[in-house]
Amino acid sequence: FFAFQKIKRDIAKSGLATPEISALDVKYFWFDDRDYPDSFTSVDINSAYPTVLRNVGAITEETYHYLTHEIGKMDRLRATGMLATTKSIYQFEDGEMVSQSVEKSPLAGWFFMCCVVTSDIMELCRLRYPETTLHFWVDGIAMSDYAMDAMMYIEHLGYQCKLEHI
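A quick note: this is a predicted structure, and the numbers were derived from the prediction, not measured.

> Account for the side chain of Thr-68, naming residues and giving values.
Note on placement: Thr-68 falls in helix 3 (residues 61-70). There is a polar contact of 2.8 Å between the side chain of Thr-68 and the backbone oxygen of Tyr-64. Of note is the side chain of Thr-68, whose polar atom sits 2.9 Å from the side chain of His-69. Setting aside residues up to four positions removed in sequence, Thr-68 forms contacts with Ser-47, Pro-50 and Arg-76.

> For the sheet that holds strand 5 (residues 133-137), give the residues involved together with the corresponding values.
Pairing within the open sheet is antiparallel, and its five strands lie in the order 1-5-6-2-7. Edge positions in the sheet fall to strand 1 (29-31) and strand 7 (161-165), since each of these pairs with one other strand and no more. Sheet twist, expressed as the mean angle between neighbouring strand axes with direction ignored, is 20°. With five bridges connecting them, strand 2 (residues 41-45) and strand 7 associate as antiparallel partners. Note on strand 7: the bridge partner recorded for Ser-42 is Glu-164. Set on the sheet, helix 6 (residues 147-156) makes contact with strand 2, strand 6 (140-143) and strand 7; between it and strand 7 the angle comes to about 160°.

About the thresholds
- Residues numbered from 1 in each chain as written.
- Predicted model: local features only at pLDDT ≥ 70, side-chain atom pairs only at ≥ 80, totals over all residues.
- Heavy atoms only, no water.
- Helix = DSSP H or I, 4+ residues; strand = E, 2+ residues; numbered from the N terminus.
- Polar contact = N/O pair within 3.5 Å; in protein donor to acceptor, adjacent residues only side chain to side chain.
- Contact = heavy atoms within 4.5 Å.
- Pairing = 2+ DSSP bridges.
- Axes fitted to C-alpha atoms, helices over the stretch in contact; angles between N-to-C directions.

Dropping the structure here:
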């Protein structure tokens, strides 16, 4: 919860307007229907959503460092995911539901902006390496060849990566 508060505080101090982006704008994955090779390499962006927030100026270097070096991955995922919190509110009187409403986080656009930027990077790689891209899923792209080149391309865009041979 503390990590989310740091993100929330930084966004407020940044002076940036909340992006007008929703879940409908996100392309989380792409799969090719070709036969998969016996092995391939996945290029994964490290701490993708905190990196997006830092790169657009929504969070400080201090908060970025906290998210990427001082807490675990699950806490980092929870903290960024809390930007898109949606609450269903049910009101009951005498055992009967009398109203239902949905309360969406005013910061949700930030979460979905992170998703869109990450997806755009994956799509750029897919278009750059059409013959060797097998699929992408959120912040990782599976490639039969040119994975090192793709990693260097993504890092040139400002996102550190790692390679995983599968």
